[in-house]
Amino acid sequence: MVSILMFLAGAVGLYSLLIVIRIIFTWFVGIQHGKPLELLSRITDPYLNWWRNALNLKVGFLDLTPIAAMTFLSMVQSILTTLARHGRISLGIILAVALSAIWSALSFILGFCLLIIILRLIAYVSNRNIYSPFWRTVDTISQPLLYKINSTIFGDKIVNYLTRIFVAIGVLAAIMIGGRIGIPILAGILIRLPL
């Protein structure tokens, strides 16, 4: 039974790797990739398309659906590995694994948002040409983030733009630090629950 569970966990890990490769290839539009990519698409696209239809996590030109799909696969792989190692699974372990996987995906998104806002700060301080395609992309992502974070904190109060950027960086950093400390503690508590 342990061998079967480890094989299944490995298969899920391999499928996750194939999805990552598929996602990377989508970044290179217009390049002919041939039969290997066509085969890879046939293997991974039905799964990714199911998640796109179920959740529709597209924000502007960013499609966050693969993060949800990969989070689910990570949870399944962790549960299978835990079953293989310990021979048992409980609701507490499943909840701890789910919490850790969701935090992992959320942490990635928060880190990406933090990076974008830091890039916006660099552009603002260094007076970069914000009309270039790169800086327009940074602005397209950073402005809704800055608005949402600062409207939550300051409401309708008018605040200096540089202050808004620093507050957004501070909020995202605090959430990330709090999550990195708090989520493992909470997961440890869930694992020990007699559920």
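Being a predicted model, the structure only gives us computed values, none of them experimental. Position labels on residues start from 1 in each chain and follow its written sequence. Whole-chain, interface and lining totals are the exception, using all residues; otherwise, since this is a predicted model, local features are given only for residues with pLDDT of at least 70 and side-chain atom pairs are given and counted only at 80 or more. Processing note: side-chain calculations cover all non-hydrogen atoms of the structure and skip hydrogens and water entirely.

1. With respect to the pattern of salt bridges
Then, number 1: Every case where a carboxyl oxygen of Asp or Glu lies within 4 Å of a side-chain nitrogen of Lys or Arg is listed as a salt bridge. Taken as a whole and judged by the stated rule, the model has two salt bridges.
Then, number 2: Aspartate 45 is the partner of arginine 22 in a salt bridge, and the nearest nitrogen-oxygen pair spans 3.0 Å. Of the two residues, arginine 22 sits in helix H1 (residues 2-26) while aspartate 45 sits in helix H2 (residues 35-55), which places them 23 residues apart along the sequence. The pair formed by arginine 22 and aspartate 45 is uniform in burial state, with each residue classed as buried.
Then, number 3: Glutamate 38 is the salt-bridge partner of arginine 42, the closest N and O atoms lying 3.2 Å from each other. Separated by four residues within a single helix, arginine 42 and glutamate 38 lie in helix H2, roughly one turn from each other.
Then, number 4: Relative accessible area decides the class of each residue, using a 1.4 Å probe on protein chains only: under 20% of the type maximum gives buried, over 50% gives exposed, and in between gives partly exposed. The exposure class of arginine 42 is exposed, given its relative accessible area of 56%. By the criteria applied, helices consist of DSSP H or I runs no shorter than four residues and strands consist of E runs no shorter than two, each listed in order from the N terminus.

2. Comments concerning the packing of aromatic side chains
Then, number 1: Each Phe, Tyr or Trp ring (for Trp, its six-membered ring) is paired with any other whose centre lies within 6.5 Å, and the angle between the two planes then decides the class: stacked below 30 degrees, edge-to-face above 60, tilted in between. Applying the stated rule across the entire model yields five aromatic pairs.
Then, number 2: Ring centres 5.2 Å apart and planes at 85° place the aromatic pair tryptophan 50 and tryptophan 51 in the edge-to-face group.
Then, number 3: Given a relative accessible area of 13%, tryptophan 51 falls into the buried group.
Then, number 4: Ring plane angle 55° and centroid distance 5.2 Å describe the contact between tyrosine 124 and tyrosine 161, whose orientation is recorded as tilted.

3. A few points about helix H4 (residues 91-126)
Then, number 1: Here H4 is 36 residues long and its end C-alpha atoms lie 52 Å apart, about the 52 Å a rise of 1.5 Å per residue gives.
Then, number 2: Looking one or two places after H4, you find asparagine 127, whose phi comes out positive at around 60°. Multiplying 1.5 Å by the helix residue count minus one yields the expected span of that helix.

4. As for the nonpolar core
Then, number 1: We define a nonpolar core as any set of buried Ala, Val, Leu, Ile, Met, Phe, Trp, Tyr and Cys residues linked to one another through side-chain atoms lying within 4.5 Å. By size, the foremost hydrophobic cluster in this structure holds 21 residues, and its most contacted members are Ile117, Leu146, Ile165, Ile169 and Leu172.
Then, number 2: Mapped by element, the contributors of at least two residues to this core are H4, helix H5 (133-154) and helix H6 (161-192).
Then, number 3: Looking at this core, the element that brings in the most residues is H4, giving eight residues.
Then, number 4: Residue contacts are defined here by distance: any two heavy atoms, one from each residue, within 4.5 Å place the two residues in contact. In this structure leucine 172 touches Leu110, Cys113, Leu114, Ile117 and Ile149, once residues within four positions along its chain are discounted.
Then, number 5: The next biggest cluster of nonpolar side chains, apart from the first, holds twelve residues, and it includes Leu5, Val12, Ile19 and Leu73.

5. Notes on the confidence of the model for the chain
In low-pLDDT regions, the fine details of the predicted coordinates are not to be read closely.
Then, number 1: Of the residues in the chain, 93% have a pLDDT of 70 or more, and the chain-wide mean is 84.
Then, number 2: Note on scores: pLDDT gives the predictor's confidence for each residue, bounded by 0 and 100. The element-level mean pLDDT for the chain is lowest in strand E1 (residues 58-59), coming to 68, with H6 highest at 91.

6. Topic: the packing of H1 against helix H3 (residues 65-86)
Then, number 1: Orientation of H1 relative to H3, taken along the N-to-C sense of each, is 160°, at an axis distance of 8 Å. Classified by the angle between their axes, H1 and H3 sit roughly antiparallel to one another. The two elements H1 and H3 cross, and the hand of that crossing is left-handed. For the pair formed by H1 and H3, the contact residues are Val2, Leu5, Met6, Leu8, Ala9, Val12, Gly13, Tyr15, Ser16, Ile19, Val20 and Ile23 on the first element and Pro66, Met70, Leu73, Val76, Gln77, Leu80, Thr81, Leu83 and Ala84 on the second.
Then, number 2: Of the residues belonging to the contact of H1 with H3, the class tally is 17 nonpolar, four polar and no charged. Axis angles are defined between N-to-C directions and span 0 to 180 degrees, where every axis is a line fitted to C-alpha atoms and, for a helix, only to the segment in contact. Angle categories are assigned with fixed cut-offs, so that under 35 degrees is roughly parallel, over 145 is roughly antiparallel, 65 to 115 is roughly perpendicular, and the rest are oblique. Should the near helix be turned anticlockwise from the far one by less than a right angle, the crossing is termed left-handed; should it be turned clockwise, right-handed. In this count, Pro and Cys sit with the nonpolar residues alongside Ala, Val, Leu, Ile, Met, Phe, Trp and Tyr, while Asp, Glu, Lys and Arg are called charged and the others, Gly among them, polar.

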